[in-house]
Amino acid sequence: MTIVMKFGGTSVADKNAFERVAQIVAARLEGSPVVVVSAMSGTTDALLLGAHLAEEGSIDAAVGALAEVLERHKSVAAGILSNEQAGDMVAHIDRAAEDIARLLRRISEELQNRKVLKDALLAYGEMLSSNLLAEVLRERGVMAQQVDARQCIITNDEHGSASPSTPETYLQTQTALAPLIASGVVPVLGGFIGATSKGITTTLGRGGSDYTAALIGATLQTKEIQIWTDVTGVLTADPRVFPKAQTIKRLSYAEAAELAYFGAKVLHPKTIQPAIEGSIPVRICNSRAPEEPGTIVCAQTETSPRTVKAIAHKAGVTTVQITSARMLGAYGFLRALFEVFERHRTVVDVVTTSEVSVSLSLDDATALPEIVAELQQLGTVRVEKGRAIICVVGEGLRGTPGIAARVFSTINDINVTLISQGASSINLTFAIEEERVNEAVMRLHEAFFSHEIANARVAP
Ligand code: ADP
Ligand code: ASP
Ligand code: MG
């Protein structure tokens, strides 16, 4: 039985990080690993910046924006590989740089084709890192082979956030990977990228390498889907806001999905669904502390003794409130309302309704002006930008009285809107003003976890 091991961008940031990954994989060969790797950290951002500059017509600046990351790829090759291999790899990176420059020029010229060209450009990040990692693994004695993920992950043509087609992806992934695994070879694939059935490159959305790992795990029915990153598992809060956050040992799929959806960047929100479908545990581990067990996410739910397991948050949210007397006792109103969002391909996150009003939150407000214009035909519309969503998660919230009171009394001087307790009752989600989100997360964390942190410190 195989395992999928996905390494994020910071786990392959430089020479030392590649060395660590090689050691981690080499120590787990008995698990027949399939390796999925993100672009080296900063690469996707640099490629996107290049695309943006190219769109503005600044080709030289666009090419220049990529110089540092390409150099970093070369210095890994030169620092780890033997002379001959390093020479080949550097030549390969130079050829990629020429292709990238050509694509940037096309992006600036071919207005109609930009989305397609951008995905082709972004794919270089994961194609280069997977090529490099396969070489590094071979250098360290592991029988590894790069596999082009575009032959495995078959998607629709929604460029920038493509959806995989399960049957085709299943067939292609099995065909490409099963023979390699059977002969003891470690396949190394770039995450995040796929292709349409016509072979046109697509991408799965930012952070999508986790999703690739889950898709491959579900297809191959692996024993585990391992997400190797720069923190030890899923923590009780975002460590960038709350450095004292602690590792959560165990999460249910539902808890992990809520956390991922509402801002815990450590897991891409789409990762959980394939894992549930294949009943495959997901483990989140730290590539800098590989012996730590990290977090295991699986079907068995357990009620945490402290009831609340984690607090996730995401800023940059817009809330929209539609008030209309026409809603009163009418049917078809909500459908008309949500059709507006559907027409503008805009995802709605949290929804709450009362008899005469609907409040909802949006992550992506690009189409907001058009949406508001249409909503105004249904009722009075109020838009609030600069909001943040906080999501308090734990299986134990189900049926535990007093949690909401404790949450809201902890932040009683902060104006809370859009309160929702999801259908699964394992999360309490609400919106507040963005400027106070860090403060709110810290106060909630203190209220719900300070006792455990103090205990952990005095423990021998
Ligand atoms: P990778 O490059 O490995 O995919 P990401 O940057 O996408 O890594 O995700 C890991 C980061 O997620 C962490 O460094 C941390 O800053 C952030 N993060 C946000 N919320 C959480 C959380 N609840 N637990 C762990 N990490 C979190
Ligand atoms: N490289 C892609 C990104 O930065 C995908 C990933 O890292 O998961 O979004
Ligand atoms: Mg990530």
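All of these numbers come straight from a predicted model, not from anything done at the bench.

Time to look at the site of ligand 2. Around ligand 2, the surrounding shell consists of Ser 38, Ala 39, Thr 44, Glu 126, Phe 192, Arg 206, Gly 207, Gly 208 and Ser 209. Glu 126 has a polar side-chain atom sitting 2.6 Å from a nitrogen atom of ligand 2. Within the contact set of ligand 2, an oxygen atom lies 2.8 Å away from a backbone nitrogen or oxygen of Gly 207. Protein burial of ligand 2: of its 270 Å² of free accessible surface, 86% is covered by the chains.

On to the side chain of Ser 129, then. Within the secondary structure, Ser 129 sits in helix 6 (residues 114–139). What Ser 129 contacts, discounting residues up to four positions off in sequence, is Phe 18, Val 37, Ser 38, Ala 39, Met 40 and His 73.

Inspection of the secondary structure assignment puts Ala 46 in helix 2 (residues 43–55). Ala 46 sits in the buried class, given a relative accessible area of 9%. In contact with Ala 46, other than residues within four places in its own chain, are Ala 65, Leu 66 and Val 69.

Time to look at helix 7 (residues 166–182). With 17 residues, helix 7 ought to run about 24 Å at 1.5 Å a step, and its terminal C-alpha atoms sit 23 Å apart, in line with that. For helix 7, the principal kink sits at Gln 174 and spans about 30°. Residues of helix 7 that are buried: Thr 169, Thr 173, Leu 177, Leu 180 and Ile 181. Next to the buried residues of helix 7 lie strand 2 (33–37), strand 3 (144–147), strand 4 (154–155), strand 5 (186–190) and helix 8 (209–220). A positive phi of about 80° marks Gly 184, the residue just after helix 7.

Buried residues of helix 13 (residues 403–410): Ile 403, Val 407 and Thr 410, and no others. Down the axis, helix 13 shows its buried residues gathered within 70° of arc, on one side only.

As a further point, take the site of ligand 1. Ligand 1 sits among 18 residues. The nearest are Thr 229, Asp 230, Leu 235, Arg 240 and Lys 265. Between an oxygen atom of ligand 1 and a side-chain N or O atom of Thr 229, the distance comes to 2.7 Å. Within the side chain of Lys 265, an N or O atom sits 2.9 Å from an oxygen atom of ligand 1. Starting from 570 Å² of accessible surface for ligand 1 in isolation, the protein chains cover 89%. Looking at the shell around ligand 1, its residues break down into 8 nonpolar, 5 polar and 5 charged.

Below, the discussion takes up the nonpolar core. Phe 7, Phe 18 and Ile 216 are the most contacted members of the largest nonpolar core, which totals 101 residues. The biggest single contributor to this core is helix 6, with 11 residues. In terms of nonpolar packing, the next biggest core, distinct from the first, is built from 24 residues, Val 392, Val 407, Ile 411 and Ile 414 among them.

It is at 10 Å that the axes of helix 11 (residues 333–343) and helix 12 (residues 368–375) come closest, and there the two elements cross at 155°. Relative to helix 12, helix 11 is oriented roughly antiparallel. The crossing of helix 11 and helix 12 is right-handed. Across from Leu 337, Val 340, Phe 341 and Arg 343 in helix 11, the residues of helix 12 making contact are Ile 371, Glu 374 and Leu 375. Here the residues of the contact of helix 11 with helix 12 sort into 5 nonpolar, no polar and 2 charged.

Right, let's get into empty space enclosed by the protein. In the structure shown here, the tally under the stated rule is 1 cavity of 30 Å³ or more. Considered as a void within the structure, the largest cavity measures approximately 40 Å³ in volume. Forming the walls of the largest cavity are Thr 43, Leu 47, Leu 66, Val 69, Leu 70, His 73, Ile 100, Tyr 124, Gly 125 and Leu 128. Put simply, the parts of the chain that give the lining of the largest cavity at least two residues each are helix 2, helix 4 (67–80) and helix 6. Across the lining of the largest cavity, the residue classes break down as 7 nonpolar, 3 polar and no charged.

What follows deals with the state of the cysteines. Evaluated as defined, the whole model comprises 0 disulfides. The cysteine Cys 285 is free of any disulfide, with Cys 298 supplying the nearest cysteine sulfur at 14 Å. Here Cys 285 falls in the buried class, since its relative accessible area comes to 3%. Classification of Cys 298 as buried rests on a relative accessible area of 8%.

By the criterion of burial, strand 14 (residues 357–362) is predominantly enclosed, with 6 of the 6 residues buried. Because side chains alternate across strand 14, one face comprises the buried residues Ser 357, Ser 359 and Ser 361, and the other comprises Val 358, Leu 360 and Leu 362, equally buried. Two elements, strand 12 (residues 310–323) and strand 14, share 6 bridges in a ladder whose sense is antiparallel. Note on strand 14: the bridge partner recorded for Gln 321 is Ser 359.

Criteria and thresholds
- Residues numbered from 1 in each chain as written.
- Chains lettered and ligands numbered in written order.
- Predicted model: local features only at pLDDT ≥ 70, side-chain atom pairs only at ≥ 80, totals over all residues.
- Heavy atoms only, no water.
- Near = heavy atom within 4 Å.
- Polar contact = N/O pair within 3.5 Å; in protein donor to acceptor, adjacent residues only side chain to side chain.
- Areas by Shrake-Rupley, 256 points an atom, 1.4 Å probe, with all protein chains shown as cover.
- Helix = DSSP H or I, 4+ residues; strand = E, 2+ residues; numbered from the N terminus.
- Contact = heavy atoms within 4.5 Å.
- Buried < 20%, exposed > 50% of the residue type's maximum accessible area, 1.4 Å probe, protein only.
- Expected span 1.5 Å × (residues − 1).
- Bend = angle between axes of the 7 residues up to and from the residue.
- Arc of directions from axis to C-beta.
- Nonpolar A, V, L, I, M, F, W, Y, C, P; charged D, E, K, R; others polar.
- Core = buried A, V, L, I, M, F, W, Y, C linked by side-chain atoms within 4.5 Å.
- Axes fitted to C-alpha atoms, helices over the stretch in contact; angles between N-to-C directions.
- Parallel < 35°, antiparallel > 145°, perpendicular 65-115°, else oblique.
- Left-handed = near helix turned anticlockwise from the far one by under 90°.
- 1 Å grid on protein atoms, 1.4 Å probe; cavity = no way out; pocket = protein on both sides within 12 Å on 5 of 7 lines; lining within 4 Å.
- Points joined across faces, edges and corners; volume = space filled by probe spheres on them.
- Disulfide = S-S within 2.5 Å.
- Pairing = 2+ DSSP bridges.

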